[in-house]
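Okay, here's what each chain looks like letter by letter:
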Amino acid sequence: MIMWQIIKKFKRLNILLLLGLLIQPLAQTLASVTISQSINALAGHHVATYLFYVILNLIAWVVLLYCGYYFVPKFEEKVVQIQSNYIRNQVMNRLSQTDFHQFHQKSSDVYVSYFTNDINRIQQEGMSALYSTINATALAIFSGLALIYFDWRLLVYAIVFGAFLTWLPRLFAKRMQTVTQKQSAANETYTGRLADILAGFDTFKQFNRSSLMVDKMQSTQDKVMAQNIAYTKQRGAMQANISMVNVLTQVGMSLLSAILFFNHDIKIGALFSVGTLSGLLFSSAATAAASYAQIAGTKAIFQKYQTIIVAPNQGHSIKTIKKITLQDVVVRFKNDDTIHFPPLTFLANQKYMIVGPSGSGKSTLLRVIAGQLVPEHGHVLYNDRPEELIDNQSLRQGIVFVTQTPYLFSGTLKENITLDRNIPEAQLRQAIKQSGLSEFISEKGLDCQIKSGAENLSGGQKQRIALARGLALNCQVILLDEVSSAIDQQSAVAIEREILSMSNKTVLMITHQQHAAVLPLIDKVVSIS
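Residues numbered from 1 in each chain as written. Predicted model: local features only at pLDDT ≥ 70, side-chain atom pairs only at ≥ 80, totals over all residues. Heavy atoms only, no water.

Participant: How should the overall build of the chain be read in this particular structure?
Facilitator: Broken down by element type, the chain carries 19 helices and 12 strands. Taking 2.2 N^0.38 as the reference for a compact globule, 529 residues should give roughly 24 Å; the C-alpha atoms of the chain span a radius of gyration of 34 Å, well beyond that estimate. Across its three principal directions, the C-alpha atoms of the chain cover 110 × 55 × 45 Å. Intrachain contacts of the chain at a sequence separation of at least 6 include 79% that bridge at least 24 residues. Surface accessibility of the chain: about 27,800 Å² in total, with carbon and sulfur atoms responsible for 58%. Within the chain, the 34 negative side-chain charges are centred at a point lying 7 Å from the centre of the 47 positive side-chain charges. (Helix = DSSP H or I, 4+ residues; strand = E, 2+ residues; numbered from the N terminus. Rg over C-alpha atoms; globule rule 2.2 N^0.38 Å. Contact = heavy atoms within 4.5 Å. Areas by Shrake-Rupley, 256 points an atom, 1.4 Å probe, with all protein chains shown as cover. Lys, Arg positive; Asp, Glu negative; His and termini not counted. Charge placed at Lys NZ, Arg CZ, Asp CG, Glu CD.)

Participant: Even after reading the chapter, I still don't get the nonpolar core, so can you show me in this structure?
Facilitator: Across soluble globular proteins, you tend to see nonpolar side chains buried next to one another. Ranked by size, the top nonpolar core spans 39 residues in total, and within it Leu413, Ile417, Leu437, Ile465, Leu480 and Ile499 carry the most contacts. The greatest single-element share of this core, amounting to 6 residues, is contributed by helix α18 (residues 459-472). Not counting residues up to four positions away in its chain, the partners in contact with Ile465 are Leu408, Leu413, Asn416, Ile417, Leu437, Ile450 and Leu457. (Core = buried A, V, L, I, M, F, W, Y, C linked by side-chain atoms within 4.5 Å. Buried < 20%, exposed > 50% of the residue type's maximum accessible area, 1.4 Å probe, protein only.)

Participant: Where do I start with the packing of aromatic side chains in this structure?
Facilitator: Within a pair of aromatic rings, the relevant descriptors are the distance that separates the centres and the angle that separates the planes. This model, assessed by the stated rule, comprises 10 aromatic pairs. Arranged with centres 5.2 Å apart and planes meeting at 85 degrees, the rings of Tyr149 and Phe150 form a pair that is edge-to-face. With a centroid separation of 6.2 Å and 40 degrees between ring planes, the pair formed by Tyr407 and Phe409 is classed as tilted. The class for Phe409 is partly exposed, based on a relative accessible area of 21%. The residue whose ring lies beneath Arg121 is Tyr231, and the NZ or CZ to ring-centre distance is 4.7 Å. (Phe/Tyr/Trp six-rings, centres within 6.5 Å; stacked < 30°, edge-to-face > 60°. Lys NZ or Arg CZ within 6 Å of the ring centre and 35° of its normal.)

Participant: When you look at the confidence of the model for the chain in this model, what are you seeing that I'm missing?
Facilitator: As a general rule, the predicted coordinates of low-pLDDT regions are not to be interpreted in detail. Chain-level pLDDT for the chain is 84 on average; 98% of the residues reach the 70-or-more range. At the level of individual helices and strands, the chain shows its lowest average pLDDT in helix α9 (residues 201-206), which scores 65, and its highest in strand β3 (residues 344-347), which scores 94. (pLDDT = per-residue confidence, 0-100.)

Participant: Any chance you could explain the side chain of Lys304 here in plain terms?
Facilitator: Topologically, Lys304 is positioned in helix α12 (residues 299-306). According to the relative accessible area criterion, Lys304 is buried, its value standing at 16%. Excluding residues within four positions of it along the chain, Lys304 makes contact with Tyr114, Asp118, Ser184 and Glu188.

Participant: Whenever I open this one, helix α6 (residues 117-150) confuses me. Can you help?
Facilitator: For an α-helix, the turn length of 3.6 residues means that residues three or four places apart are oriented alike. Compared with the 50 Å implied by 1.5 Å per residue over 34 residues, the 48 Å span of α6 between its first and last C-alpha is a close match. Where α6 bends most, at Ala129, the angle is about 35 degrees. (Expected span 1.5 Å × (residues − 1). Bend = angle between axes of the 7 residues up to and from the residue.)

Participant: Which parts of the structure should I look at to understand unusual backbone geometry?
Facilitator: Across the chain, the bulk of peptide bonds are trans and the bulk of non-glycine residues have phi less than zero. A positive phi is found at His45, a non-glycine position, where the angle reads about 60 degrees. Tracing the backbone shows His45 in the loop between α2 (11-43) and α3 (47-96). Its identity as a non-glycine residue notwithstanding, Leu419 has a phi of 55 degrees, on the positive side. Mapped onto the fold, Leu419 is located in the loop between α15 (413-418) and α16 (425-434).

Participant: Just checking my understanding: could you explain a nonpolar patch on the surface for this structure?
Facilitator: Among the surface-exposed residues, Leu58, Trp61, Val62, Leu65, Tyr66, Tyr69, Tyr70 and Phe71 lie close enough to one another that they form a single nonpolar patch of about 910 Å² accessible area. Here Leu65 falls in the partly exposed class, since its relative accessible area comes to 40%. (Patch = residues over 30% accessible without salt bridge, like charges linked within 9 Å, V, L, I, M, F, W, Y side chains within 5 Å. Salt bridge = Lys/Arg side-chain N within 4 Å of Asp/Glu carboxyl O.)

Participant: What's the story with the sheet that holds strand β10 (residues 477-481) in this structure? I'm lost.
Facilitator: Across a sheet, strands are paired by hydrogen bonds formed along the backbone, either parallel or antiparallel in direction. What the 5 strands build is an open sheet, ordered β7-β10-β11-β4-β12; its pairing is parallel. Single-partner strands in this sheet number two, and they are β7 (399-402) and β12 (524-527). Each strand axis lies, on average, 15 degrees off the axis of its neighbour in the sheet, ignoring direction. The sheet contact formed by strand β4 (residues 351-355) and β12 spans 4 bridges and is parallel. Following the sheet pairing, Met353 is matched in β12 by Val525. In this fold α18 packs onto β7 and β10, with an angle of close to 180 degrees to the strand it touches most, β7. (Pairing = 2+ DSSP bridges. Axes fitted to C-alpha atoms, helices over the stretch in contact; angles between N-to-C directions.)

Participant: What is the right way to read the pattern of salt bridges from this model?
Facilitator: Working definition: two side chains of opposite charge can pair if their charged atoms are close together. If you walk through the whole model with that rule in mind, you get 9 salt bridges. The partner of Lys323 in a salt bridge is Asp384, with the nearest N and O atoms 3.1 Å apart. Remark: Asp384 occurs in the loop between β5 (377-382) and β6 (385-386) and Lys323 occurs in strand β1 (residues 323-332); sequence separation between them is 61 residues. The exposed category is assigned to Asp384, whose relative accessible area is 52%. A salt bridge links Asp488 to Arg464; the nearest nitrogen and oxygen atoms lie 4.0 Å apart. Taken together, the positions of Asp488 in the loop between β10 and α19 (489-500) and Arg464 in helix α18 put the pair 24 residues apart, joining distant regions of the chain. Where salt bridges share partners, they join Asp151, Arg153 and Asp265 into one cluster.

Participant: How should I be thinking about the packing of α2 against α6 in this particular structure?
Facilitator: Helix-helix packing is described using two parameters, namely the angle between the two axes and the distance between the axes. The geometry of α2 relative to α6 is characterised by a closest axis approach of 9 Å and an angle of 35 degrees between their N-to-C directions. Judged by the sense of rotation from one axis to the other, the crossing of α2 with α6 is right-handed. Its residues assigned to classes, the contact of α2 with α6 comprises 15 nonpolar, 8 polar and no charged. (Left-handed = near helix turned anticlockwise from the far one by under 90°. Nonpolar A, V, L, I, M, F, W, Y, C, P; charged D, E, K, R; others polar.)

Participant: When you look at the pairing of β4 in this model, what are you seeing that I'm missing?
Facilitator: Strand residues, when the strand is regular, have side chains that alternate between the two faces of the sheet. Most of β4 sits out of view: 5 of its 5 residues are buried. Where burial is concerned, the two faces of β4 agree: the one with Lys351, Met353 and Val355 and the one with Tyr352 and Ile354 are both buried. Note that β4 and strand β11 (residues 506-510) share 4 bridges and pair parallel. Each bridged residue has a counterpart across the sheet, and for Ile354 the counterpart in β11 is Ile510.

Participant: For this particular structure, what's the right way to read the side chain of Thr180?
Facilitator: Along the chain, Thr180 falls in helix α8 (residues 170-199). When its relative accessible area of 1% is taken as the criterion, Thr180 is described as buried. Dropping the residues within four chain positions of it, Thr180 is found in contact with Arg121, Tyr231 and Gly297.

Participant: What is the right way to read the packing of α6 against helix α7 (residues 152-167) from this model?
Facilitator: In the contact formed by α6 and α7, the axes pass within 6 Å of each other and the chain directions differ by 150 degrees. Between α6 and α7, the angle is such that the two are roughly antiparallel. Here Gly144, Leu145, Leu147, Ile148 and Phe150 of α6 come into contact with α7, specifically with Trp152, Leu154, Leu155 and Ala158. Considered class by class, the residues forming the contact of α6 with α7 number 8 nonpolar, 1 polar and no charged. (Parallel < 35°, antiparallel > 145°, perpendicular 65-115°, else oblique.)

Spelled out as structure tokens, the structure:
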């Protein structure tokens, strides 16, 4: 995905915008040329001709102002926003197709930066800069053509030095791309650090260390500030050099015009128009050239998007999971700690209770079986077939993993349970009953709103909703990680009995509280040490 592909995707909108971008410089050039004609008519005492060019000049300015400041900017912003949303959707689509391992190589805050800071950069220094380049290039071309009207030598001068102005930013393109890359990385770090500081508000406040939030914020700001300054410094150096050359070329054009006037090759009115047109031409060339360097700088962002690895959906499609086997599985964490699991086999429709001390790897075991963790060594087999040879999507359709700290999003209760799937009403009601949510829903209703972060729910209610979500999928294998830890004992026993009584389900359940009432329903207790 590159800038040109985005423009091509929305070519109709961009063609319409292009027409608008061409009208503005055309009107601006016409306004400059009519100045010369009106002055020449005034000098020759041709009143009617003078009034004609004054009116034509006024019309040109009306078109220029309303197109340049209202209609075109409004339509350009619409096109930019449509294209930006398309990029966001494409990036989210790639992220949604990564596997668990690849996704968690970066924090969610880094991904947030993809959709905020990086998109803002693409909008300003990619799309807007591109349209600015088109507008400026058109203005430079129209101004150059208008110079022929007065004298061809003016155009030759304009072409030579205009080309030099256009080439000049290429000297800065590589450095602009480097500082853009560093600034983007710094903003990612800043976003993540800021989220981390704000998440600790309760702790800082409780221990009377609120000032530490400010200190941590300051140190993070200093780092991103340094990169922002470096970027501005590089961009400023580029623009200063281009502007200086622009000034010198305009001075040269002014001298050439004076020589042509003294030689009687152009009239006095031309001096006014040539000065205006040359200013427009060289300023536009400088603007187009500077915008080119900015556009080149956004290439690093698009390249970063391409590093998102899409997991291939290839392999054997599995419909029924008859057996899950772990063979010499070793999991290594980022801190280099490892867990080595003994050989384990879980058979279809059996009920297993996973026990062991805290930190022994019980949750890790379920994450490995669910495909959320990739073993460093060994294999997880499903029906004696290695996981890497099985289609991931079909595997997830057969296994559901419910954690003790579930994710709930802002939306209705029903949306949180179904995840916008078309689940039959009877199946949904059964999942609600089995998870102990019936009383809550009879009181609140399925359309009750869950706030961001599920702040309006208790820990037990969150766990029940997550459990209902898992059961509503009707998966064959159910992995439960302390899903009743925040629920009172009587309700927890009732829920566990409901789940363990499902004869056509394979259940692996982690618990620290072995309720005597449900032990008869357990086929095997697996101890992880």
